[in-house]
Amino acid sequence: MITQQEMLAHFLPILEKSGKRYKKKSMIRAKKAKPGQLVITKTSDGEETRNTAEVGDWLVENQTSVNELYLVKAETFEKKYTIVQALEHGWGCYQPKGEILGIIVNEAHFEELGVTKTLKFQAPWKDSMVAKPGDMLVVPLDKDEIYRIAKKEFGETYIEV
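Residues numbered from 1 in each chain as written. Predicted model: local features only at pLDDT ≥ 70, side-chain atom pairs only at ≥ 80, totals over all residues. Heavy atoms only, no water.

A. Up close: the overall build of the chain. When helices and strands are counted, the chain shows four helices and 14 strands. Taken over the C-alpha trace, the chain has a radius of gyration of 15 Å; the compact-globule value for 161 residues is 15 Å, and the two agree within 12%. Expressed along its principal axes, the backbone C-alpha trace of the chain runs to roughly 50 × 35 × 30 Å. Counting all 161 residues of the chain, 44% fall into the buried class. Long-range contacts, defined as pairs at least 24 residues apart, comprise 62% of the intrachain contacts of the chain with a sequence gap of at least 6. (Helix = DSSP H or I, 4+ residues; strand = E, 2+ residues; numbered from the N terminus. Rg over C-alpha atoms; globule rule 2.2 N^0.38 Å. Buried < 20%, exposed > 50% of the residue type's maximum accessible area, 1.4 Å probe, protein only. Contact = heavy atoms within 4.5 Å.)

If you want it as structure tokens, here you go:
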């Protein structure tokens with residue numbers, strides 16, 4: 001599996017040269033996750049990754065056609081979201097803030113890494129993550145991690161800045 005460091009080393013120059021800036025266009029729902037809770041992130045094209053909640057993590061639900069769920073560390077959540085409204089059962093409605101830099105990946109990007117069709121790499125939370133041609137590979141503007149956003153879900157949640 002390709003590590004986060006290898007992914008950043010390979011894709012950062014490409015992102016810096018050809019990437020575009022994006023921001024989320026829709027609000028999210030979120031609540032504090034239960035430590036030990038397993039979250040399986042599913043997109044319209046299947047399972048993307050798995051992550052287990054630690055103390056302080058947030059469970060985030062994107063407002064997409066599949067309501068994808070994922071975990072976010074407390075310090076990252078505070079940087080990326082502002083509460084708009086408290087909801088029932090610990091949930092809240094949050095406005096995203098900040099931007100990402102992203103590129104649409106293709107088979108040529110994968111071939112440079114010696115893979116075809118599907119790129120399997122280490123997610124920032126250490127589990128595996130897959131990317132397919134047409135998906136977005138993105139980094140926050142501080143460029144400290146890289147992750148995939150599935151093509152359909154990206155179109156449902158992001159706009160170019």
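B. Inspection of the pairing of strand β8 (residues 92–96) at higher detail. Of all the five residues making up β8, four are buried; the element is thus mostly covered by neighbouring parts of the structure. Here strand β7 (residues 81–86) runs beside β8; their pairing, made up of five bridges, is antiparallel. Bridge pairing in β8 links Thr82 to Gln95. Hairpin remark: β7 followed by β8, antiparallel, with five residues in the connecting loop; positive phi at His89, about 60°. (Pairing = 2+ DSSP bridges.)

C. Region of interest: the environment of Val130. Tracing the backbone shows Val130 in strand β11 (residues 128–131). With a relative accessible area of 18%, Val130 lands in the buried category. Along the chain, Val130 and Glu16 lie 114 residues apart, while their C-alpha atoms are 22 Å from each other. Sequence-distant contacts of Val130, that is, excluding residues within four places in its chain, are made with Glu47, Glu48, Thr118, Leu119, Phe121 and Arg148.

D. View of the sheet that holds strand β12 (residues 136–140). Taken together, five strands build an open sheet; the order of strands is β13-β12-β9-β1-β14 and the sheet is antiparallel. Taken across any chain shown, the strands that pair with only one partner, and hence form the sheet edges, are β13 (147–149) and β14 (158–160). The average undirected angle you get between the axes of adjacent strands in this sheet is 45°. Taken together, the five bridges between strand β9 (residues 100–104) and β12 define a ladder with antiparallel strand orientation. The residue of β12 that forms the bridge with Ile100 is Pro140. Each of β1 (20–24), β9 and β12 is contacted by helix α1 (residues 4–18), which is oriented at about 95° to β9, the strand it contacts most. (Axes fitted to C-alpha atoms, helices over the stretch in contact; angles between N-to-C directions.)

E. Fine view of the packing of aromatic side chains. Across all of its chains, the model carries six aromatic pairs by this definition. What links up through ring pairs into an aromatic cluster is the set Trp58, Phe77, Tyr81 and Tyr94. Positioned above the aromatic ring of Trp91, the side-chain terminus of Arg29 is 4.1 Å from the ring centre. (Phe/Tyr/Trp six-rings, centres within 6.5 Å; stacked < 30°, edge-to-face > 60°. Lys NZ or Arg CZ within 6 Å of the ring centre and 35° of its normal.)

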